[in-house]
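Below are the chains, spelled out letter by letter.
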Amino acid sequence: MLPADFLWGGAIAANQCEGALFEDGRGLANVDLLPWGKGRKAIARGYQKMFDFEDGYYYPAKLGIDFYHRYKQDIALFAQMGFKVLRLSISWSRIYPTGEEEKPNEKGLAFYDAVLRECLGYGIKPLVTITHFDIPMALVKKYGGWRNPKMIDFYQKFVTTLFTRFRGLVHYWLTFNEINLIYHSPFETAGVCIEPNESRSAVLAQVAHHHLVASALATKIGHAIDPENKIGCMMAGGEYYPLTSKPEDVLLAFQKNQENYYLIDIQAFGEYSYFYQQYLHRQGIEIKWQQGEQELLQENTVDFISFSYYSSLAISSDDSLNIREANAMAGVPNPYLSDSKWGWQIDPIGLRLSLNRFYDRYKRPLFIVENGLGALDSIEPDGSIQDDYRIDYLRAHIQEMKKAVEEDGVVLWGYTTWAPIDLVSSSTGEMSKRYGFIHVDLDDQGKGTLERRKKKSFDWYKTVIQSNGENL
Ligand code: BGP
């Protein structure tokens, strides 16, 4: 059996659901400038600059799914499913529109205050991601985003405001979403574009360092303001498997996994690992340290480890094989697994493996904060949505999660699906890549009534929660 206080719920992110772009004083953010369709990938990855809205593009974050105006209705639906936790994020530019104001924007704070209280009214605990990819665009234009150590000061002001204002309302916090994606999508995650004459790996290692220091600082401040705060890190999970038992493949998979852990290792252990230092040395990268940072990292490690899990990735030493991507990371097709419509390979056992790997490595409580299937849904003539494929995916993953807890003894605090309601896809900007138990009437170009409709999976998840995972 799972523990009686196991936290079942769902996860959303501000930039993918709120909309209301400039409402109540919100400032422009990097994530607002990721268009649907052409250019999105190159911009997200820092190869192409998009610092203002341009003609000829559609920007889905402008509308999101209008959660800003509909949050009461949406949270009521989450409560109907019996959610114990809702993971949500704060839009930094709603609180500090340019990042540099001395005082926060009260209207932005009031919005989150209302959302948090709405959750708590139903007995839903909030799990807040402080930064789920978004940064005030003014800080990107003026300072180059997280490549600049000044970002640590702006972030410090931002988190101090949140910890102070929401003291007692929130006890679970994550500092940065999927911190390891800095290496893959630097503009989307850090507001950083790589200039033609720069070493991408050197810039990104420094960007990551600034995040790590900021995260440790946030952990320190959060604990000081409320000792009951539990502050965690978050990584884009998914094991790399060797495609074959050829030693070259096995070694490569080992190395790729080590790389994936570099940043979380520091957040958990408080220091740069031997492997990461060797990597930096081989690349000729020297991290610029400021005074006191080493102690800060050492003294402020995280309380728990959280991760997203969608897929595993096979890796091969044979360069001629076709590469494909899942959640911004690349691998080769694993012949033992089937694919989602977007080519992300479905591997429930990989979730059990990841849970064991993390618990063995970090010996700290875990939280699965994203897991789900992006799929095309269709509405039947009777108005229903028969998303059995989504139920199958989630059931299989929950079964493996239970084995990790019940048989292997992993300590796991909770599980939040991505996403309980359809919202804008982070990798593609599409609405048609749907994850929700709740359908939103909106297409890829922002047309639709925004009406909410329960899918078949809605009642299924409600039963799962009611039975604490016994009735799948
Ligand atoms: C993770 C992000 C989420 C979410 C999810 C699904 O990387 O943390 O924001 O979007 O992936 O990915 P996608 O929306 O690209 O299908």
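The sections below set out a description of the structure shown in this document.

Definitions and limits used
- Residues numbered from 1 in each chain as written.
- Predicted model: local features only at pLDDT ≥ 70, side-chain atom pairs only at ≥ 80, totals over all residues.
- Heavy atoms only, no water.
- Helix = DSSP H or I, 4+ residues; strand = E, 2+ residues; numbered from the N terminus.
- Polar contact = N/O pair within 3.5 Å; in protein donor to acceptor, adjacent residues only side chain to side chain.
- Contact = heavy atoms within 4.5 Å.
- Axes fitted to C-alpha atoms, helices over the stretch in contact; angles between N-to-C directions.
- Parallel < 35°, antiparallel > 145°, perpendicular 65-115°, else oblique.
- Left-handed = near helix turned anticlockwise from the far one by under 90°.
- Nonpolar A, V, L, I, M, F, W, Y, C, P; charged D, E, K, R; others polar.
- Near = heavy atom within 4 Å.
- Areas by Shrake-Rupley, 256 points an atom, 1.4 Å probe, with all protein chains shown as cover.
- Buried < 20%, exposed > 50% of the residue type's maximum accessible area, 1.4 Å probe, protein only.
- Core = buried A, V, L, I, M, F, W, Y, C linked by side-chain atoms within 4.5 Å.
- Pairing = 2+ DSSP bridges.
- Phe/Tyr/Trp six-rings, centres within 6.5 Å; stacked < 30°, edge-to-face > 60°.
- Lys NZ or Arg CZ within 6 Å of the ring centre and 35° of its normal.
- Bend = angle between axes of the 7 residues up to and from the residue.
- Patch = residues over 30% accessible without salt bridge, like charges linked within 9 Å, V, L, I, M, F, W, Y side chains within 5 Å.
- Salt bridge = Lys/Arg side-chain N within 4 Å of Asp/Glu carboxyl O.

1. A short note on the side chain of aspartate 113
Then comes step 1: Looking at the element boundaries, aspartate 113 is found in helix α5 (residues 106–121).
Then comes step 2: Within the structure, the side chain of aspartate 113 is placed 2.7 Å from the side chain of arginine 117, a separation counted as a polar contact.
Then comes step 3: Discounting chain neighbours no more than four positions away, the residues touching aspartate 113 are Arg165, Phe166 and Leu169.

2. A look at the packing of helix α10 (residues 247–269) against helix α13 (residues 348–362)
Then comes step 1: Where α10 meets α13, the axes come as close as 11 Å, and the angle between the chain directions of the two elements is 45 degrees. Put simply, α10 runs oblique to α13. Handedness of the α10/α13 crossing: right-handed. Packed against α10, whose contacting residues are Gln258, Tyr261, Ile264, Asp265, Ala268 and Phe269, the element α13 presents Arg357, Phe358, Arg361 and Tyr362 at the interface.
Then comes step 2: Taken together, the residues that form the contact of α10 with α13 break down as six nonpolar, one polar and three charged.

3. Considering the site of the ligand
Then comes step 1: In the neighbourhood of the ligand, 14 residues make up the surrounding shell, with Gln16, Glu178, Asn327, Ser427 and Tyr435 lying closest.
Then comes step 2: Residue histidine 132 places a side-chain N or O atom 2.9 Å away from an oxygen atom belonging to the ligand.
Then comes step 3: Here the ligand, which alone exposes 380 Å², has 99% of that area covered by the protein.

4. With respect to unusual backbone geometry
Then comes step 1: Of note, the bond from tryptophan 418 into alanine 419 is cis; its omega dihedral lies within 30 degrees of zero at -20 degrees.
Then comes step 2: If you check the backbone angles, phenylalanine 133 has positive phi at about 80 degrees while not being a glycine.
Then comes step 3: By the secondary structure assignment, phenylalanine 133 is in the loop between β3 (125–131) and α6 (137–143).
Then comes step 4: Classification of phenylalanine 133 by relative accessible area gives buried; the value is 5%.
Then comes step 5: The phi torsion at glutamate 178 lies on the positive side, around 40 degrees, for a residue other than glycine.

5. Describing the nonpolar core
Then comes step 1: With 148 residues, the main nonpolar core has Trp8, Trp146, Tyr155, Phe166, Leu355, Met401 and Tyr461 as its most contacted residues.
Then comes step 2: Looking at this core element by element, the count peaks at 12 residues for helix α9 (residues 200–225).
Then comes step 3: Discounting residues that sit within four places of it in the chain, leucine 355 has contacts with Phe307, Leu366, Ile368, Met401, Ala404, Val410 and Leu412.
Then comes step 4: By size, the runner-up hydrophobic cluster in this structure holds nine residues, among which are Leu7, Met234, Phe304 and Phe367.

6. Quick word on the sheet that holds β3
Sheet strands associate in pairs through backbone hydrogen bonding, adopting either a parallel or an antiparallel arrangement.
Then comes step 1: If you trace the eight strands once around the closed barrel, you get β1-β2-β3-β4-β5-β7-β13-β14, paired in parallel fashion. Sheet twist, expressed as the average angle between the axes of neighbouring strands with direction ignored, equals 25 degrees.
Then comes step 2: Relative to strand β4 (residues 172–176), β3 runs parallel, the two sharing four bridges. Looking across to β4, one finds that threonine 131 is bridged to phenylalanine 176.
Then comes step 3: In the packing of helix α7 (residues 150–165) onto the sheet, the strands contacted are β3, β4 and β5 (230–236), and the crossing angle to β3 comes to about 165 degrees.

7. Thoughts on the packing of aromatic side chains
Then comes step 1: Inspection of every chain in the model, using the stated rule, returns 40 aromatic pairs.
Then comes step 2: Aromatic side chains tyrosine 57 and tyrosine 59 sit 6.1 Å apart centroid to centroid with 45 degrees between the ring planes, which places their arrangement in the tilted category.
Then comes step 3: Since its relative accessible area comes to 21%, tyrosine 57 is described here as partly exposed.
Then comes step 4: Above the plane of the ring of tyrosine 57 lies lysine 38, whose end atom (NZ or CZ) is 4.2 Å from the centre.

8. What about the side chain of threonine 417?
Then comes step 1: Turning to its location among the elements, threonine 417 is positioned in strand β14 (residues 412–418).
Then comes step 2: Residue class for threonine 417 comes out buried when judged on its relative accessible area of 2%.
Then comes step 3: Once you skip the residues sitting within four places of it in the chain, threonine 417 turns out to touch Gly9, Gly10, Ala11, Asn371, Leu394, Phe437 and Tyr461.

9. Description of the pairing of β3
Then comes step 1: Counting buried positions along β3 gives six out of seven residues, so the element sits mostly inside the fold.
Then comes step 2: Relative to β3, strand β2 (residues 85–89) runs parallel, the two being bridged by five bridges. Across the sheet, the residue bridging to valine 85 is lysine 125, located in β3.

10. Description of helix α3 (residues 67–80)
Then comes step 1: At glutamine 73, α3 shows its maximal kink, close to 35 degrees.
Then comes step 2: Immediately beyond the C-terminal end of α3, within one or two residues, lies glycine 82, with a positive phi of roughly 85 degrees.

11. Focus on a nonpolar patch on the surface
Then comes step 1: On the surface, a nonpolar cluster with roughly 450 Å² of combined accessible area is contributed by Leu251, Phe254, Tyr274 and Phe275.
Then comes step 2: Put simply, the parts of the chain that give the nonpolar patch at least two residues each are α10 and α11 (274–283).
Then comes step 3: The residue phenylalanine 275 is located in helix α11 in this model.
Then comes step 4: Residue classification places phenylalanine 275 among the partly exposed positions, given a relative accessible area of 39%.

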